[in-house]
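Chain and residue survey
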Amino acid sequence: MTARILLVEDEPSIAEIVDFALTSEGFQVVWRTLVREAEAELAATPCDLTILDLGLPDGSGLELLKRLRRHSEMPVLILSARNAELDRVLGLELGADDYVTKPFSPRELAARVKAILKRTIRKPPDAGETGQSRRESGFVVDEARAIIRFQNQPLDLTRYEYLLLKTLLAQPERVFSRAQLMDQVWPDPAASFERSVDTHIKTLRAKLRDIDPNNDPIRTHRGLGYSIRVRDASP
Ligand code: CA
């Protein structure tokens, strides 16, 4: 399977370098220079990953990312000349999977693209787990559709909330430190902040409370981290 990569970049010399680095690795690259062209392309044909410049002639890559994340979990790697901490944090908070600063090494960029795709491309649904696992806990993780149900109701989760909850559910009762959760869930833990874990745990708890106000399965272990309690629902 050839991964199809959308490159959104208005600088032809940079686009050429990226295109060459990725096609040499066997990827199919589609190059667009404008936000509106990129959005039209994504609406027409799904891509496996987008490489996104931030400063584009008709708008900001961050705005594009924000709109994209309302309906899509497609991996996004930001490629930017801006190395401001704020852009980096904002990009990752908005759901980018990685952030590479120009000038960059084409080989490193290709390696990062491969790493993201390896992490995000889903396993075939009939390989081992059926996806309908851990029903007894009140949670059902449907990995093929990237959905988690809680007491039969699908949770409306952001990308990070989904990954956090999935990680906690993989090992119920285990206490995960914030750093361990960052490692599991965030693409570039060093660039994010551990308080991001707290923020997403908080929103996740609120969503679980909406479904069952009397049940808070996520436990905070002061100074240690978080764990999830699996309630035995059997009579
Ligand atoms: Ca630019």
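Scope of this entry: the structure provided in the associated data block. (Residues numbered from 1 in each chain as written. Predicted model: local features only at pLDDT ≥ 70, side-chain atom pairs only at ≥ 80, totals over all residues. Heavy atoms only, no water.)

**Some details on the packing of helix H6 (residues 159–170) against helix H8 (residues 195–211)**
Here H6 crosses H8 at 85 degrees, and the two axes come no closer than 9 Å. The angle between H6 and H8 places the two elements in the roughly perpendicular class. Residues Tyr160, Glu161, Leu164, Leu165 and Leu168 of H6 lie in contact with H8, whose contacting residues are Val197, His200, Ile201, Thr203, Leu204 and Lys207. Here the contact of H6 with H8 is composed, by residue class, of seven nonpolar, two polar and two charged. (Axes fitted to C-alpha atoms, helices over the stretch in contact; angles between N-to-C directions. Helix = DSSP H or I, 4+ residues; strand = E, 2+ residues; numbered from the N terminus. Parallel < 35°, antiparallel > 145°, perpendicular 65-115°, else oblique. Contact = heavy atoms within 4.5 Å. Nonpolar A, V, L, I, M, F, W, Y, C, P; charged D, E, K, R; others polar.)

**Points about the coordination of the calcium ion**
Summarising the metal site, the calcium ion is bound by the protein donors Asp10 (OD), Asp53 (OD) and Gly55 (O), whose distances to it range over 2.1 to 2.3 Å. The motif formed by the donor residues of the calcium ion, counted along the single chain, is D-x42-D-x1-G. The partly exposed category is assigned to Gly55, whose relative accessible area is 39%. (Donors = N, O, S within 2.8 Å, 3.2 Å for Na, K, Ca; no water. Buried < 20%, exposed > 50% of the residue type's maximum accessible area, 1.4 Å probe, protein only.)

**Here's the deal with the sheet that holds strand S2 (residues 28–32)**
Spatially, S2-S1-S3-S6-S7 is the arrangement adopted by the five strands of the open sheet, whose pairing is parallel. In this open sheet, the two edge strands, each paired with only one partner strand, are S2 and strand S7 (98–101). Each strand axis lies, on average, 20 degrees off the axis of its neighbour in the sheet, ignoring direction. Along the sheet, helix H1 (residues 12–23) makes contact with strand S1 (4–8), S2, strand S3 (49–52) and strand S6 (76–80), crossing S2 at roughly 165 degrees. (Pairing = 2+ DSSP bridges.)

**What about the pairing of strand S8 (residues 139–142)?**
With burial as the criterion, each face of S8 is covered, one bearing Phe139 and Val141 and the other bearing Val140 and Asp142. Direction of pairing for S8 relative to strand S9 (residues 147–150): antiparallel, over a ladder of four bridges. Counted as the bridge partner of Asp142 is Ile147 from S9. Once S8 ends, the chain turns through four residues before running back antiparallel as S9, passing Ala146 with a positive phi of about 55 degrees.

**Quick notes on the pattern of salt bridges**
Where charged atoms from two side chains of opposite charge come close, those side chains can pair. A full pass over the atoms with the stated rule returns 16 salt bridges. For Arg112, the salt bridge goes to Glu108, with nearest N and O atoms at 2.8 Å. You can see Arg112 and its partner Glu108 sitting in helix H5 (residues 106–120), four residues apart, about one turn around the helix. When its relative accessible area of 25% is taken as the criterion, Arg112 is described as partly exposed. Here Asp216 ties to Arg205 by a salt bridge, and the two come within 3.3 Å at their closest N and O atoms. Separated by eleven residues along the polypeptide, Asp216 in the loop between H8 and strand S11 (218–221) and Arg205 in helix H8 bring together distant segments of the chain. The class of Asp216 is partly exposed, set by a relative accessible area of 36%. (Salt bridge = Lys/Arg side-chain N within 4 Å of Asp/Glu carboxyl O.)

**Observations regarding the nonpolar core**
In terms of nonpolar packing, the biggest core is built from 25 residues, with Ile148 and Leu165 touching the most fellow members. For this core, the secondary structure elements donating two or more residues are S8, S9, H6, helix H7 (178–185), H8 and strand S12 (225–228). Examining the composition of this core, we find that six residues originate from one element, H6, more than from any other. Residues contacting Leu165, with those up to four places away along its chain left out, are Phe139, Ile148, Leu155, Leu157, Leu204 and Ile228. (Core = buried A, V, L, I, M, F, W, Y, C linked by side-chain atoms within 4.5 Å.)

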